[in-house]
Amino acid sequence: PIRTKEGDRIRSCFIAKPDTVLIAADYSQIELRLLAHMANVKLLKQAFSENKDIHRSTAAEMFEIAEDQVSSEMRRHAKQINFGIIYGISSFGLATRLNITMGRAKDFIQKYFEKYPEIKTYIHDIVELCRRDSYVETLIGRRLYFPNINIKTPALKSVIERAVINAPIQGSASDAIKKAMVNIESNLQYRNLKADLLL
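Residues numbered from 1 in each chain as written. Predicted model: local features only at pLDDT ≥ 70, side-chain atom pairs only at ≥ 80, totals over all residues. Heavy atoms only, no water.

**Some thoughts on the packing of helix α4 (residues 54-63) against helix α5 (residues 72-86)**
At a minimum axis distance of 8 Å, the contact between α4 and α5 shows a crossing angle of 100°. Relative to α5, the element α4 lies roughly perpendicular. Packed against α4, whose contacting residues are I54, H55, R56, T58, A59, M62 and F63, the element α5 presents M74, R75, A78, K79, I81, N82 and F83 at the interface. Grouping the constituent residues of the contact of α4 with α5 by class yields eight nonpolar, three polar and three charged. (Axes fitted to C-alpha atoms, helices over the stretch in contact; angles between N-to-C directions. Helix = DSSP H or I, 4+ residues; strand = E, 2+ residues; numbered from the N terminus. Parallel < 35°, antiparallel > 145°, perpendicular 65-115°, else oblique. Contact = heavy atoms within 4.5 Å. Nonpolar A, V, L, I, M, F, W, Y, C, P; charged D, E, K, R; others polar.)

Now the structure itself:
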């Protein structure tokens with residue numbers, strides 16, 4: 001983790017050999033980008049294509065204000081909702097994360113789906129598809145099976161449905177990272193660089 005004392009201490013344990021450096025590379029907000037693509041969310045896609053701060057952009061949409069009027073608290077709320085939606089967050093879960101009432105959290109989620117209706121449609125469709133087929137797929141067609149999707153127990157049902165919503169997005173992110181790692185390794189060999197892919 002970044003920006004925590006514990007994270008700094010853990011990172012300090014990784015030491016490069018003399019005359020070398022460690023490089024950490026990652027995709028910026030890959031899950032949200034994948035959600036924007038997979039659900040064809042026009043406003044999110046536009047924000048990403050314009051290289052905007054996606055959480056500030058979401059906050060501006062939700063609070064119906066200009067982006068330069070978004071407070072740090074508004075941005076924080078939007079960030080929690082953006083990432084929470086990927087994991088099928090409930091109003092209770094959001095209320096707990098943001099330390100707000102259930103009613104306010106419910107209003108936030110409702111407003112989010114009003115601003116990004118494609119996400120609500122995507123969530124509904126992916127769960128229905130899984131109920132029919134017992135699996136979902138990543139963008140490259142890798143299947144993720146959920147044989148208990150039609151379970152009747154309400155608590156277990158909601159846990160499985162949240163996993164179903166998340167699996168194609170998180171799974172596609174994993175596929176993209178693995179593809180990048182394969183490309184990096186072959187590129188290092190092709191260029192005959194004195195570098196190794198560690199993780």
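Moving on from the coordinates now.
**A word on the environment of S90**
With respect to the element layout, S90 can be found in the loop between α5 and α6 (91-98). A relative accessible area of 34% means that S90 is categorised as partly exposed. S90 sits 72 residues away from R162 along the chain, and the two C-alpha atoms are 9.4 Å apart. A polar atom in the side chain of S90 sits 3.0 Å from the backbone nitrogen of G93. (Buried < 20%, exposed > 50% of the residue type's maximum accessible area, 1.4 Å probe, protein only. Polar contact = N/O pair within 3.5 Å; in protein donor to acceptor, adjacent residues only side chain to side chain.)

**Comments concerning the packing of aromatic side chains**
This model, assessed by the stated rule, comprises four aromatic pairs. Look at Y112 and F113: their rings are 6.2 Å apart centre to centre, the planes differ by 75°, and that puts the pair in the edge-to-face class. Relative to Y145, the ring of Y135 lies with its centre 5.5 Å away and its plane at 55°, an arrangement referred to as tilted. Placement of the pair is Y135 in strand β1 (residues 135-137) and Y145 in strand β2 (residues 143-145), with a sequence separation of ten residues. Assessed through its relative accessible area of 17%, Y135 is described here as buried. Ring pairs connect the aromatic residues Y112, F113 and Y116, which therefore count as one cluster. (Phe/Tyr/Trp six-rings, centres within 6.5 Å; stacked < 30°, edge-to-face > 60°.)

**Structural notes on the environment of A59**
Take A59: it is sitting in helix α4. C-alpha separation for the pair A59 and D26, spaced 33 residues apart in sequence, amounts to 24 Å. Every residue in contact with A59, bar those within four places of it in the chain, is listed here: E64, V70, M74, R75 and A78.

**Topic: the packing of α4 against helix α7 (residues 102-115)**
Axes are the key here: two packed helices are described by the angle between their axes and the distance separating the axes. Two numbers describe how α4 lies on α7: the axes approach to 9 Å, and their chain directions differ by 100°. With respect to each other, α4 and α7 are oriented roughly perpendicular. For the pair formed by α4 and α7, the contact residues are T58, E61, M62 and F63 on the first element and F108, K111, Y112 and K115 on the second.

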